[in-house]
Structure formats: C-alpha cells, structure tokens
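# Architecture and fold: a report
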Amino acid sequence: APRLEGDPEVVEATYADLDAGRRALAGVDVLFMVSAAESPVRRDEHRRFIRAAAEAEVGHIVYTSFAAAAPDAIFTLGRDHHDAEEAIRASGMAWTLLRDSFYSDFFPMFADEQGVVRGPAGEGRVSAVARADVADVAVAVLRDPGAHAGEVLTLTGPEAFSVREACARMTTALGRPFSYVE
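Predicted, not measured: the structure shown is a model, and the values here were computed from it.

### Re the overall build of the chain
- Along its length, the chain carries 5 helices and 8 strands.
- Ordered by position in the sequence, the α and β elements of the chain form the string α-β-α-β-α-β-β-β-α-β-β-α-β.
- In terms of its C-alpha atoms, the chain occupies a principal-axis envelope of roughly 50 × 35 × 30 Å.
- Every one of the 182 residues in the chain was classed for burial, and the buried ones make up 39%.
- In the chain, the proportion of contacts linking residues at least 24 apart, taken out of those at least 6 apart, comes to 75%.
- Taken as a whole, the chain presents about 10,200 Å² of accessible surface, with 53% of it coming from carbon and sulfur.

Here it is, written out as structure tokens:
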C-alpha cells in the first residue's frame, strides 16, 4: 500500500471539540478529513471540525464524501455529506472531495449469522469500491493537493452489481453461503 513520507506528530481531538480541533490543526497545510461515524449529531460535528480547520488556517482540505451527496439524496449519508461539502466550500480553504461509492469490502458485514443480507435493494446495482482503492486515490491527492484543488472525484469499482450478485460472489470467495432477502 502507498504511504506518505515523514514522521507524523499525533494529536487527538474529536470533531465535536472546536477548541481541541483548532489546537490540533494549528500549522497543518493539508488536512485529510475522514467523515465521522453516523449519528444524530454528525452534521454538527463535521461543521464544527471544518470551522476549526478554517480558523486554524488549514490551506487545503481533502474530505471523504459519498458518491450520491446531494441535498435531496434518498440515502441519509448522501444528505449528511452534502452538508459537509457545503461547509467546506464556504470555508475559504482549498478543497478536494473524494466521493466514495459503497465499500465493497463491507458487504459481508451486512449479513446476519446465517449469511442472509436483508434490505430494500431489489435489483438495484452499485459500483462498490474497495477501501484500498480509495486509499490509493487519497494518497495520490495528498502527494499533490494543488493539482486536485476544486476537484470532485467520484470513486467507484469497475462494475455495477446487485446485492444478490454480491451474495453469490461472497459465497464463492469466502466459502460459506450468503443470500439476499428483499
């Protein structure tokens, strides 16, 4: 896996703590912001941390967003990520948005103990992406952020597949049965 060079200084701050965020981000030129865990206060946490970055005079923010980010997205995460993107655009910092599709390596986690994935996906298709591929793109952007300023990069896998097809592939790859129930 690609790595960035250097000996990083480790500083802790939660997205919710504006003062700690400002202190942690003081002197940072480029911030790689991975979105917070899903929660009822996620939007506020994102906005607070983005504000901390702007107030700490971070020059460029690279943010992991979602492929369907929009104010009217059906999927909650899409609305949350759109809100963070709007805060980033309004912050005055240079930015790059990495709009990741669903993570292909998460599909086995959707199954119960019997390998059954339940949900309203029908025959809908998704071009899921491996997290390792997202990491490769993030490293490339972080190595030369200026070349990617103002870019919105949608990161997907090489093909679209249904949850039913994902279950068949997981059965073969993982050697245990998976199935999909609408």
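### Quick notes on the side chain of Asp-80
- Checked against the element boundaries, Asp-80 lands in helix 3 (residues 76-90).
- At 2.9 Å, the side chain of Asp-80 and the side chain of Arg-43 are in polar contact.
- Discounting chain neighbours no more than four positions away, the residues touching Asp-80 are Arg-42 and Arg-43.

### Here's the deal with the sheet that holds strand 2 (residues 60-66)
- With parallel pairing, 4 strands are arranged side by side in an open sheet as 1-2-3-6. Two strands lie at the open edges of the sheet, namely strand 1 (30-33) and strand 6 (151-155), each paired on one side alone. The mean inter-strand angle of the sheet, taken between neighbouring strand axes irrespective of direction, is 15°.
- Bridge analysis of strand 2 against strand 3 (residues 94-100) gives 7 bridges, and the strand direction is parallel. Following the sheet pairing, Thr-64 is matched in strand 3 by Leu-98.
- Set on the sheet, helix 3 makes contact with strand 2, strand 3 and strand 6; between it and strand 2 the angle comes to about 165°.

### So, the nonpolar core
- By size, the foremost hydrophobic cluster in this structure holds 20 residues, and its most contacted members are Leu-25, Leu-31, Met-33, Ile-50, Ile-61 and Ile-88.
- Sorting the residues of this core by element identifies helix 1 (18-25), strand 1, helix 2 (42-55), strand 2, helix 3 and strand 3 as the ones contributing at least two each.
- Counting residues per element, this core draws most heavily on helix 2, which supplies 4 residues.
- With residues near it in sequence (within four places) discarded, Met-33 still touches Tyr-15, His-46, Phe-49, Ile-50, Ile-61, Val-62, Tyr-63 and Thr-64.

### Some thoughts on the pattern of salt bridges
- Enumeration according to the criterion identifies 14 salt bridges in this entry.
- Close ionic contact of Arg-131 with Asp-105 constitutes a salt bridge, the shortest N to O distance being 2.7 Å. Here Arg-131 is found in helix 4 (residues 131-143), whereas its partner Asp-105 is found in the loop between strand 3 and strand 4 (116-118), with 26 residues between them in sequence.
- The salt bridge involving Arg-164 is made with Glu-123; its shortest N-O contact spans 3.1 Å. Taken as a pair, Arg-164 in helix 5 (residues 163-174) and Glu-123 in the loop between strand 4 and strand 5 (125-126) lie far apart in primary sequence, 41 residues in all.
- Residues joined in a network through salt bridges with shared partners are Asp-19, Arg-22, Arg-51 and Glu-55.

### Brief notes about unusual backbone geometry
- In this structure, Glu-57 takes a positive phi of about 65° despite not being glycine.
- For Glu-57, the position within the fold is in the loop between helix 2 and strand 2.

Here is what the cut-offs are and how they apply
- Residues numbered from 1 in each chain as written.
- Predicted model: local features only at pLDDT ≥ 70, side-chain atom pairs only at ≥ 80, totals over all residues.
- Heavy atoms only, no water.
- Helix = DSSP H or I, 4+ residues; strand = E, 2+ residues; numbered from the N terminus.
- Buried < 20%, exposed > 50% of the residue type's maximum accessible area, 1.4 Å probe, protein only.
- Contact = heavy atoms within 4.5 Å.
- Areas by Shrake-Rupley, 256 points an atom, 1.4 Å probe, with all protein chains shown as cover.
- Polar contact = N/O pair within 3.5 Å; in protein donor to acceptor, adjacent residues only side chain to side chain.
- Pairing = 2+ DSSP bridges.
- Axes fitted to C-alpha atoms, helices over the stretch in contact; angles between N-to-C directions.
- Core = buried A, V, L, I, M, F, W, Y, C linked by side-chain atoms within 4.5 Å.
- Salt bridge = Lys/Arg side-chain N within 4 Å of Asp/Glu carboxyl O.

So yeah, pure geometry; function would need other evidence.
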